[in-house]
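Coordinate inspection notes
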Amino acid sequence: MQDQKKQNRLITALTLAALVALIASYFSPIWWVSLTAPNYPKDAFPDGIRIHFHFDGVYNGCRAAGKGTRMADEVLQKDLDHSVERYNPILDAKKNVNKDAEGLDCVHEMNTINHYVGMFPISTGAPVEKPLAKFFFGFFAVMLLGFITPEGRKRVLVLAAGFAAVAVWMVVHQFALGHMESHIAAYVSEAGTFFKEPDKIKVWGDNVRVITTAVIAGLIVAMAIVVAGVAKFRGFSLLLVLVPALMPVFFVIEYAGWLWFFGHNMHPWGAFTVKPFMPTVFGEGKVAQFSTFSYPYWGYALLLIASGCLMLALLLRRRQMRETSAT
């Protein structure tokens, strides 16, 4: 009995440590990508054109130290002038960004580079996943809290109450407060910056609305299944940690899938004709004159820490359950 109490304390500590790491990862850069080329000298762009992927979007990864450097400003303006001459769709957006920005905005610069080869703007990727990511993290957090709650009625109540809170938060946030519509408007606007076919873009926005609604409904159904499964099957509780533990795998699959989409859906607006390709997921690659670098960042390390803690907690709980069944 004493040994089991020690195991329970260890399982609780591991699960809570994983929960903290998981929540921290949501606010952290998970992966970084950088492009380098001869026209982006190291003196002006020490890290190349670098961006950071988070669960809720893509952010500028260029160093603040690069802001205001004369060489960087000149390179950006030269690139801008060249792109404006040849690609009118990006005139207003790019001109305002590069003239008024205090530093280098490498997300916009990356979009300009991608435009040269006919790729979609970066922010148009994962239009459903990004705004709903926080609710999935809420879903996982409730699962972990349920896992460390003593089995039986109390665990079911914790799961039911937690999932109900996440479901209400999600529905109110997306529908009642109108965040889904504002996100779709931003998505359509960003796509329209480069892709001048309003009717087609409107269809894309409608598709995002339908899929987002379906995913919200699916997540609520998944919550109900988890509560019912834990209430009826003792071994089902192991899924409460197994699913969040697989977050590093889920991210890489999602990331690779969207890279494939961007590389296999090129458009004729590009100055360079590039055959469909698979962008580099991990490591170094080459596209036209650009060298690409793609690597996990410290947020991904947090995911791995959370995964390791949860897998250890799962193994300890599984051994407990076997010992209990044997006696």
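Residues numbered from 1 in each chain as written. Predicted model: local features only at pLDDT ≥ 70, side-chain atom pairs only at ≥ 80, totals over all residues. Heavy atoms only, no water.

1. Observations concerning the environment of Ser28
- Topologically, Ser28 is positioned in the loop between α1 (2-26) and β1 (31-36).
- When its relative accessible area of 3% is taken as the criterion, Ser28 is described as buried.
- Once residues within four sequence positions are removed from consideration, Ser28 is found in contact with Phe53, His54, Trp298, Gly299 and Leu302.
- A distance of 2.5 Å separates a polar side-chain atom of Ser28 from the backbone oxygen of Ala24. (Helix = DSSP H or I, 4+ residues; strand = E, 2+ residues; numbered from the N terminus. Buried < 20%, exposed > 50% of the residue type's maximum accessible area, 1.4 Å probe, protein only. Contact = heavy atoms within 4.5 Å. Polar contact = N/O pair within 3.5 Å; in protein donor to acceptor, adjacent residues only side chain to side chain.)

2. What about the state of the cysteines?
- Applying the stated criterion to the full structure yields 1 disulfide.
- A sulfur-sulfur separation of 1.6 Å characterises the disulfide bridge that pairs Cys62 with Cys106. Handedness here is read from the sign of the S-S torsion; for Cys62 and Cys106, about -70 degrees, the answer is left-handed. Here the residue Cys62 occupies a position in the loop between β3 (57-60) and α2 (70-86), and Cys106 occupies one in helix α4 (residues 106-116), the gap between them amounting to 44 residues.
- Here Cys62 falls in the buried class, since its relative accessible area comes to 12%. (Disulfide = S-S within 2.5 Å.)

3. Quick word on helix α7 (residues 179-194)
- The end-to-end C-alpha distance of α7 is 24 Å, a good match for the 22 Å that 16 residues give at a rise of 1.5 Å each.
- All of the buried residues along α7 are Met180, Ile184, Tyr187, Ala191, Gly192, Thr193 and Phe194. (Expected span 1.5 Å × (residues − 1).)

4. Things to note about the side chain of Ser294
- Mapped onto the elements of the fold, Ser294 is located in strand β5 (residues 290-296).
- Apart from the residues lying within four places of it in its own chain, the contact partners of Ser294 are Trp31, Trp32, Val33, Tyr255, Thr280, Val281, Phe282 and Gly283.

5. Concerning the sheet that holds strand β4 (residues 283-287)
- Ordered by their spatial adjacency, 5 strands build an open sheet running β3-β2-β1-β5-β4, and the pairing between neighbours is antiparallel. Edge strands, defined here as strands with exactly one partner in the open sheet, are β3 and β4. When strand polarity is set aside, the average angle formed by the axes of neighbouring strands in this sheet is 25 degrees.
- Taken together, the 5 bridges between β4 and β5 define a ladder with antiparallel strand orientation. Looking at the pairing, Val287 lines up with Phe290 of β5.
- In the packing of α4 onto the sheet, the strands contacted are β1, β2 (49-54), β3 and β5, and the crossing angle to β2 comes to about 110 degrees.
- Each of β1, β2 and β5 is contacted by helix α10 (residues 247-263), which is oriented at about 35 degrees to β1, the strand it contacts most. (Pairing = 2+ DSSP bridges. Axes fitted to C-alpha atoms, helices over the stretch in contact; angles between N-to-C directions.)

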